[in-house]
Amino acid sequence: MLDSGSSMATKPRTLYDKIWDAHVVDQRDDGTCLIYIDRHLVHEVTSPQAFEGLRVAGRKVRRPDLTLAVPDHNLPTTARVDAEGNRLPIADVESAQQLAALETNAPSFGIKYIGATDREQGIVHVVGPEQGFSLPGTTIVCGDSHTACHGGIGALAFGIGTSEVEHVLATQTLQLKQSKTMEIRVEGTLGFGVSPKDVILAIIGKIGAAGGTGYVIEYTGSVFRDMSVEGRLTVSNMSIEGGARAGLVAPDDKTFAYLKGRPMAPKGEQWDQAVAYWRSLATDPGATYDKVVTLDAAEIAPSLTWGTSPEDVVPITGLVPDPKSFADPSKQAAAQKSLDYMGLVPGQKMQDIEVQHIFIGSCTNSRIEDLRAAAAVAKGRKVAANIKQALVVPGSGLVKAQAESEGLDKIFIDAGFEWREPGCSMCLAMNPDKVPSGERCASTSNRNFVGRQGPGARTHLVSPAMAAAAAVTGRLTDVRELMA
Amino acid sequence: MKAVNKVDGRAIPLGLKNVDTDVIIPAHYLKTISRIGLGKGAFETIRAQPGNVFDDPEYTGAPIIIAGDNFGCGSSREHAAWALNDMGVEAVIAPSFSDIFSGNAFKNGIVTVVLPQEAVDRLLEVAKTDPIHIDLENKVVTTPYQDRFAFEIDDFRRNCLMNGLDEIGLTLANADRITAHERTLAQTQPWLVPVAA
């Protein structure tokens, strides 16, 4: 790789190119590269078969020190210990078995494990940056597509399948082909009440659910420069909903301030060395992307989904679209199916749609800024009478503790929300938190697929503030009306 | 892994675009710690509808699925590939696939064939009555009606599929290079080893 390095130094490179080049261990004639993986996050759902594979083949984990295991998908978000501090059993036998497998596999392969009752436990994509395990310029993988999240701090992070989990455990590498690059530039200033979630929904609405397939997205422009690190994590998290395996935001002073002093982040002289390196990663002037998409910040409104694909996005002031309004015949058919499933009719005002469930949480929107935004709307208000359940699920034990120190838990509880333990919760119906069939949820999660929140469940993806607004009015609501 | 040279037989004409991994295998089936038995949950929401293609006796045991754009979008769950394996599917034909799904399919010996929408439309029509033939060696899909659609597939993947190669074993043959890379990193980016928390 060293000989090609000199020619690369003369050609302007993107952030993605620089991270990629720094991780090439070997390259085959057909262009496939063996890429070194700096960080591997492991959770209970996509790892049991990988550990089983290692055992069968008599292989060990090559770099347990670069691997971190946390349970999140299956964990109930109700109390985990009784009054005496004893662990409560998990009722679902299969969930319990899968959680137990991780609890056994991690130590037996020498991997650091954050357990269900540890205060650092949380959703793996919240825990990684929070612990300083995820760092800029690194390659990060996890058997979960929302690994794209960590691109918010400038890491090349993407989801992998279980065979790849096993491959990384055994070799600390992956066989990959270089992706194409897409720049998504959003310039201007976001309007009143417009959050990072609205930005990424608007982007997916524009490029489509397959628009980013084969690409790694770099988010550029003043909107992302001005955005907080947590906002960038929200945006990058949903890159996969636009088809891109990874998203990236160039690391900057905000990123460094966010990571400094985190438990697993570099310290002292090594920190200074790391920051100097991270600063060198930004896309060079004159570097080109394979595709460029631009949006005007001023045109982005508080947004939400109406259908069963994350590309089905409208502003909250909009209407349920008529399937006939789509040019593509297969999209027309898909839209009609979506409307049938969602129980909606063309022309209906989005703001007239009643909901029965509210979910504030998930790896997309469960960090402290998300909870603050939702609490600001909920404060002094009450959850509407038609809401059957309104959940607030912090992304980690540390987020929960921070929120409690700010009194946010009290605001939510006083308003009539349930304040839960950290986990994936109602994002994906693998644990007891589900939306019943035919009922409707305003959800801060990332997927509105058929059955995602439970068989027959109807999902509208929204920002945390919009979810809180829907909770207090009982219908999908323009949060700006409550933010005077 | 079993070697695959060709896939021959009836094809389920699903045709839908954006078939996501929650449709292929809903999350409540992901609690297994084994790779087998997931076929029972495959396409559960579609199979709940009367007259669906999966339960049409015409396509019993069909080794091929034909779908629309962006097949396998959504989550990284390899359970989607395991579910297809378990129901006997050996190949999927579509105009495009999600990146993660096509990788997972490959690692489980499932051939993903990318063809233009017009070719897919024609195959959807043929599939209603006749078998379809996928020839991996010659990279071509044919029908009994002289249709002949050439497709592209990565040479490395094709070679692995045709020889049933274990990718981890192939990579470990390169362990010296991985060790050399780690030695360099220890010098140039010492901060990459996490501080023990």
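How each quantity is defined
Going along each chain's sequence as written, the residues are numbered from 1 onward. For naming, the first written chain is A and the first written ligand is 1, with later ones following in the order written. It should be noted that, the model being predicted, local features are given only for residues of pLDDT at least 70 and side-chain atom pairs only at 80 or more, the latter also being counted only at that level, while totals for whole chains, interfaces and linings use all residues. Note that the side-chain values use all heavy atoms of the structure and ignore hydrogens as well as water. Each helix is a run of DSSP H or I of at least 4 residues and each strand a run of E of at least 2, with the numbering of both proceeding from the N terminus. We call a residue buried when its accessible area falls under 20% of the maximum for its residue type, exposed when it is over 50%, and partly exposed in between, using a 1.4 Å probe and counting protein chains only. Throughout, a contact is declared for two residues whenever any of their heavy atoms are within 4.5 Å. Accessibility throughout is a Shrake-Rupley quantity obtained with a 1.4 Å probe, and a residue counts as covered only by protein chains that appear here. By the counting rule applied here, Lys and Arg register as positive and Asp and Glu as negative, while His and the ends of each chain are not counted. Charged side chains are reduced to one point each, which is NZ for Lys, CZ for Arg, CG for Asp and CD for Glu. Here, nonpolar core means buried Ala, Val, Leu, Ile, Met, Phe, Trp, Tyr and Cys residues that are tied together by side-chain atoms lying within 4.5 Å of each other. Delimitation of the domains relies on an automatic or database domain assignment. Counted as a polar contact is a pair of N or O atoms within 3.5 Å, where, for protein atoms, one must be capable of donating a hydrogen and the other of accepting one, and residues adjacent in sequence contribute only when both atoms are in side chains. Ring geometry is summarised as follows: Phe, Tyr and Trp rings, the Trp one being its six-membered ring, pair when their centres sit within 6.5 Å, and such pairs are stacked at plane angles under 30 degrees, edge-to-face over 60 and tilted between the two. In this analysis, axes come from line fits to C-alpha atoms, helices being fitted only over the stretch in contact, and the angle between any two N-to-C directions falls in the range 0 to 180 degrees. Each angle is binned into one of four classes, with values under 35 degrees roughly parallel, values over 145 roughly antiparallel, values of 65 to 115 roughly perpendicular, and all other values oblique. Should the near helix be turned anticlockwise from the far one by less than a right angle, the crossing is left-handed, and should it be turned clockwise, the crossing is right-handed. We call Asp, Glu, Lys and Arg charged. Ala, Val, Leu, Ile, Met, Phe, Trp, Tyr, Cys and Pro are nonpolar, and the rest, Gly among them, are polar. One bridge is not enough; two strands pair if DSSP finds at least two bridges between them. Whether a crossover is right-handed comes down to one check: with the strands pointing away from the viewer, does the path from the first strand over the helix to the second run clockwise; if it does, it is right-handed. The buried area of a pairing is the accessible area, by a 1.4 Å probe, that goes missing from both parts when the two are put together, added over both. Whenever Lys or Arg places a side-chain nitrogen within 4 Å of a carboxyl oxygen from Asp or Glu, that contact is recorded as a salt bridge.

The next thing to look at is the overall build of chain A. Looking only at helices and strands, chain A has 16 helices and 19 strands in total. Projected onto the principal axes, the alpha-carbon positions of chain A cover approximately 65 × 60 × 45 Å. Put simply, chain A has 484 residues, and 64% of those count as buried. By sequence separation, contacts in chain A at least 24 residues apart represent 76% of the contacts at least 6 residues apart. When the accessible surface of chain A is totalled, it reaches about 16,200 Å², and 53% of it is carbon and sulfur. Chain A carries 48 positive and 56 negative side-chain charges, and their two centres are separated by 1 Å.

The next subject is the overall build of chain B. Looking only at helices and strands, one finds eight helices and eight strands in chain B. Dimensions of chain B along its principal axes, counting C-alpha atoms only, are 65 × 40 × 25 Å. Sorting the 197 residues of chain B into buried and exposed places 58% on the buried side. For chain B, restricting intrachain contacts to residue pairs at least 6 apart in sequence, the fraction spanning at least 24 positions comes to 66%. Put simply, chain B shows about 8,100 Å² of open surface, and 51% of that area lies on carbon and sulfur atoms. The positive charge centre, built from 18 side chains, and the negative charge centre, built from 26, are 3 Å apart in chain B.

Ranked by internal contacts, the top residues of the largest apolar core, which has 83 residues, are I358, F412 and F417 of chain A together with F43, F71 and L84 of chain B. Shared between two domains, this core takes at least three residues from each, and those domains are domain 1 (3–176) and domain 3 (303–482) of chain A. Counting residues in hydrophobic clusters, the runner-up holds 54 residues, among them A50, L156 and F256 of chain A together with L185 of chain B.

Attention now goes to the side chain of T305 of chain A. All names here are of chain A. Mapped onto the fold, T305 is located in strand β13 (residues 303–305). Within the structure, the side chain of T305 is placed 3.4 Å from the side chain of N448, a separation counted as a polar contact. Engagement of the side chain of T305 in a polar contact is seen with the backbone nitrogen of L461, the distance being 2.9 Å. When neighbours within four sequence positions are excluded, T305 is seen to be in contact with L201, P310, D312, V313, M350, N448, T459, H460 and L461.

With that settled, consider the side chain of D433 of chain A. Residue and element names in this part refer to chain A. Mapped onto the elements, D433 comes out in the loop between β17 (418–419) and β18 (440–443). When its relative accessible area of 5% is taken as the criterion, D433 is described as buried. A distance of 3.2 Å separates polar atoms of two side chains, one belonging to D433 and the other to R420. Dropping the residues within four chain positions of it, D433 is found in contact with T77, L391, R420, S425 and M426.

With the rule as written, the count across this model stands at 13 aromatic pairs over all chains. Aromatic pair W271 of chain A and W278 of chain A: ring centres 5.5 Å apart, planes at 85 degrees, arrangement edge-to-face. For the pair formed by W271 of chain A and W278 of chain A, the shared burial category is buried. With a centroid separation of 6.4 Å and an interplanar angle of 10 degrees, the aromatic rings of F97 of chain B and F101 of chain B are classed as stacked. Each member of the pair F97 of chain B and F101 of chain B is classed as buried.

It is worth spelling out the packing of helix α3 (residues 48–57) of chain A against helix α6 (residues 162–171) of chain A at this point. All names here are of chain A. Across the interface, α3 lies against α6 with an axial gap of 8 Å and an inter-helix angle of 50 degrees. The angle between α3 and α6 places the two elements in the oblique class. Regarding α3 and α6, the two cross each other, and that crossing is right-handed. Contact with α3, carried on its side by Q49, A50, F51, G53 and L54, involves T162, V165, E166, L169 and A170 of α6 and no other residues of that element. Its residues assigned to classes, the contact of α3 with α6 comprises six nonpolar, three polar and one charged.

For the rest of this paragraph, the subject is the pairing of strand β9 (residues 180–187) of chain A. Residue and element names in this part refer to chain A. With six bridges joining them, β9 and strand β10 (residues 215–220) adopt parallel strand pairing. Paired with M182 across the two strands is I217, which belongs to β10. Between the parallel pair β9 and β10, the chain is carried across by helix α7 (residues 196–207), and the sense of this crossover is right-handed. Note that β9 and strand β12 (residues 291–296) share six bridges and pair parallel. By the bridge assignment for β12, R185 is matched with T294.

Tallying the contact residues gives 53 residues for chain B and 80 residues for chain A. When chain B packs against chain A, the two sides together hide about 5,500 Å² of surface, and 56% of this comes from carbon and sulfur. In terms of surface lost to chain A, no three residues of chain B exceed K31, I33 and W191 of chain B, which account for 15% of the buried area on that side. Measuring nitrogen to oxygen at the nearest pair gives 3.8 Å for the salt bridge that ties K107 of chain B to E164 of chain A. Seen at the junction of chain B and chain A, the total is 31 residue pairs in polar contact (both at pLDDT 80 or more). When residues of the side of chain B that touches chain A are traced back to their parent elements, those giving at least two are α3 (79–86), α4 (99–107), α7 (167–172) and α8 (175–188) of chain B.

Here we take up the sheet that holds strand β1 (residues 6–9) of chain B. Residues and elements named next belong to chain B. Within the open sheet, the four strands sit side by side as β1-β6-β7-β8. Their pairing is antiparallel. Edge positions in the sheet fall to β1 and β8 (148–150), since each has one partner strand and no second. Direction aside, the axes of adjacent strands within the sheet are offset by 15 degrees on average. In this structure, strand β6 (residues 132–135) lies alongside strand β7 (residues 140–142), joined through three bridges in antiparallel fashion. Residue pairing across strands places H133 opposite T142, the latter belonging to β7. Relative to β8, helix α5 (residues 117–127) is tilted by about 140 degrees, and along the sheet it contacts β6, β7 and β8.

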